[in-house]
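Given next are the chains, with one letter for each unit.
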Amino acid sequence: MIACAFLAVTIYFCYGFADRLAVIIGATGMNVVIRLTSFLLVCIGVQILWNGASQLLSSLPRVGGVVIPH
């Protein structure tokens, strides 16, 4: 519960001061932040895809003696 409250307060302050932060770091800094955030989201998506595909492939029956490594 404490972690959720901390996260909510952090998000509130980030949104509250976003305009001031954008002015401080400038256009190039915003571009860097956007690219880093996008990269992290892609990494999370690839991890979710990898976990799902791994679970799917491990649940399929083995055909013709082919063993799928984990």
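Scroll up for the structure.
Described in the following lines is the structure provided in the data block. Please read these numbers as outputs of a predicted model, since none were measured by experiment. (Residues numbered from 1 in each chain as written. Predicted model: local features only at pLDDT ≥ 70, side-chain atom pairs only at ≥ 80, totals over all residues. Heavy atoms only, no water.)

**Observations regarding the overall build of the protein chain**
Counting its regular elements, the protein chain contains two helices and zero strands. Within the span of the protein chain, comprising 70 residues, buried residues form 1% of the whole. For the protein chain, the accessible area works out to roughly 6500 Å², and carbon and sulfur atoms hold 77% of it. (Helix = DSSP H or I, 4+ residues; strand = E, 2+ residues; numbered from the N terminus. Buried < 20%, exposed > 50% of the residue type's maximum accessible area, 1.4 Å probe, protein only. Areas by Shrake-Rupley, 256 points an atom, 1.4 Å probe, with all protein chains shown as cover.)

**Topic: helix α2 (residues 18–59)**
With 42 residues, α2 ought to run about 62 Å at 1.5 Å a step, yet its terminal C-alpha atoms sit only 46 Å apart, falling short of that. At Gly26, α2 is bent by approximately 110°, the largest bend along its length. (Expected span 1.5 Å × (residues − 1). Bend = angle between axes of the 7 residues up to and from the residue.)

**Comments concerning the packing of helix α1 (residues 2–16) against α2**
Each pair of packed helices can be described by the angle between their axes along with the distance between the axes. α2 packs onto α1 with a crossing angle of 60° between their chain directions and a minimal axis gap of 5 Å. Between α1 and α2, the angle is such that the two are oblique. Every residue of α2 that contacts α1 at Cys14, Tyr15 and Gly16 is listed here: Ala18, Asp19 and Arg20. Residues of the contact of α1 with α2, tallied by class, amount to three nonpolar, one polar and two charged. (Axes fitted to C-alpha atoms, helices over the stretch in contact; angles between N-to-C directions. Parallel < 35°, antiparallel > 145°, perpendicular 65-115°, else oblique. Contact = heavy atoms within 4.5 Å. Nonpolar A, V, L, I, M, F, W, Y, C, P; charged D, E, K, R; others polar.)

**Comments concerning a nonpolar patch on the surface**
Residues Val9, Tyr12, Phe13 and Phe17 make up a contiguous nonpolar surface patch of roughly 440 Å² in combined accessible area. You can see Tyr12 is positioned in helix α1. (Patch = residues over 30% accessible without salt bridge, like charges linked within 9 Å, V, L, I, M, F, W, Y side chains within 5 Å. Salt bridge = Lys/Arg side-chain N within 4 Å of Asp/Glu carboxyl O.)

**A closer look at the packing of aromatic side chains**
All told, the structure shown has two aromatic pairs when counted by the stated rule. With 5.7 Å between their ring centres and 70° between their planes, Tyr12 and Phe13 make a pair best called edge-to-face. Taking the relative accessible area as the measure of exposure, Phe13 reaches 43% and is therefore partly exposed. Arranged with centres 6.0 Å apart and planes meeting at 10°, the rings of Phe13 and Phe17 form a pair that is stacked. Overall, Phe17 belongs to the partly exposed group, its relative accessible area being 40%. Each member of the aromatic cluster is reached from another via a ring pair, and the members are Tyr12, Phe13 and Phe17. (Phe/Tyr/Trp six-rings, centres within 6.5 Å; stacked < 30°, edge-to-face > 60°.)

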